[in-house]
Amino acid sequence: MANKSILAFELTQLEPLIGKWNFTGSFKDNPDKCVEGWETYKVIDDGNVILCDGETRTILSGNIIDLYKYSMKIFFNRSINKIVGGDEWEISLGEDTLIFQNNRHRFTGNLGESKRIIIGKWENITTSGKWKYWYDQTLTKTDCSSRA
């Protein structure tokens, strides 16, 4: 088994994310369009950072139309007293509600009792500054051992 790093106190609220997640998503306004992919969350840098790697495929009528691969480091930024990822995302997990948010997009999801399913939705910000539904997403944990 991999060396289990202890997660820094400021990041402990994100501990349920550690592992591999597969996800699917659907668009209410376009039933022929969907997303699928995976994300992994690994503890690195002596527990002071969580590394998130992932891949999202947007599919329209059975054909892949967009492939997006990403990697970001998540850490506690002491100057703003928040958990951030990739210098643009604010991240929190409190009372079983997960929020990923930047100045353009927001994901809000509920962590199930088993801590192995997150059901939520993505929103985009409108020109008037209000959040508007984008698509639904369900994440399912497939592996809990992602520790570096």
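That block above? That's the structure.
A short tour of the structure in this document, coming up. (Residues numbered from 1 in each chain as written. Predicted model: local features only at pLDDT ≥ 70, side-chain atom pairs only at ≥ 80, totals over all residues. Heavy atoms only, no water.)

Attention now goes to the overall build of the chain. The secondary structure content of the chain amounts to zero helices and ten strands. The secondary structure elements of the chain, listed N-terminal to C-terminal, are β-β-β-β-β-β-β-β-β-β. A globule of 148 residues ought to have a C-alpha radius of gyration of about 15 Å, and the chain, at 16 Å, matches this closely. Referenced to the eigenvectors of the C-alpha coordinate spread, the extents of the chain come out at roughly 45 × 40 × 30 Å. A burial count over the chain gives 38% of its 148 residues as buried. Considering only contacts within the chain whose residues lie at least 6 apart along the sequence, 41% involve residues at least 24 apart. Charge-centre separation for the chain: the mean point of 19 positive side chains lies 1 Å from the mean point of 20 negative side chains. (Helix = DSSP H or I, 4+ residues; strand = E, 2+ residues; numbered from the N terminus. Rg over C-alpha atoms; globule rule 2.2 N^0.38 Å. Buried < 20%, exposed > 50% of the residue type's maximum accessible area, 1.4 Å probe, protein only. Contact = heavy atoms within 4.5 Å. Lys, Arg positive; Asp, Glu negative; His and termini not counted. Charge placed at Lys NZ, Arg CZ, Asp CG, Glu CD.)

So, about the pairing of strand S10 (residues 131–143). Two strands pair when backbone bridges link them, and strand S1 (residues 19–27) and S10 are joined in this way by seven bridges, in the antiparallel orientation. Across the sheet, residue Lys-20 finds its bridge partner in S10, namely Asp-143. Once strand S9 (residues 117–125) ends, the chain turns through five residues before running back antiparallel as S10, passing Gly-129 with a positive phi of about 85°. (Pairing = 2+ DSSP bridges.)

Assignment of secondary structure puts Asp-143 in strand S10. Asp-143 sits in the partly exposed class, given a relative accessible area of 32%. For Asp-143 and Arg-116, which are 27 residues apart along the polypeptide, the C-alpha to C-alpha distance reads 9.4 Å. For Asp-143, the residues in contact, after removing those within four places along its chain, are Ile-18, Gly-19, Lys-20 and Arg-116.

In this section: the packing of aromatic side chains. By the definition in use, this model includes eight aromatic pairs. Taken together, a centroid distance of 6.0 Å and an interplanar angle of 80° make the contact between Trp-89 and Trp-122 edge-to-face. Of the two residues, Trp-89 is situated in strand S6 (residues 89–94) and Trp-122 in strand S9; the sequence distance between them amounts to 33 residues. The pair formed by Trp-89 and Trp-122 is uniform in burial state, with each residue classed as buried. With centroids separated by 5.0 Å and ring planes inclined at 70°, the aromatic side chains of Trp-134 and Tyr-135 adopt a geometry described as edge-to-face. With relative accessibility at 30%, the residue Trp-134 sits in the partly exposed group. Given a relative accessible area of 6%, Tyr-135 falls into the buried group. Put simply, the rings of Phe-27, Trp-89, Phe-100, Phe-107, Trp-122, Trp-134 and Tyr-135 pair up and form one aromatic cluster. (Phe/Tyr/Trp six-rings, centres within 6.5 Å; stacked < 30°, edge-to-face > 60°.)

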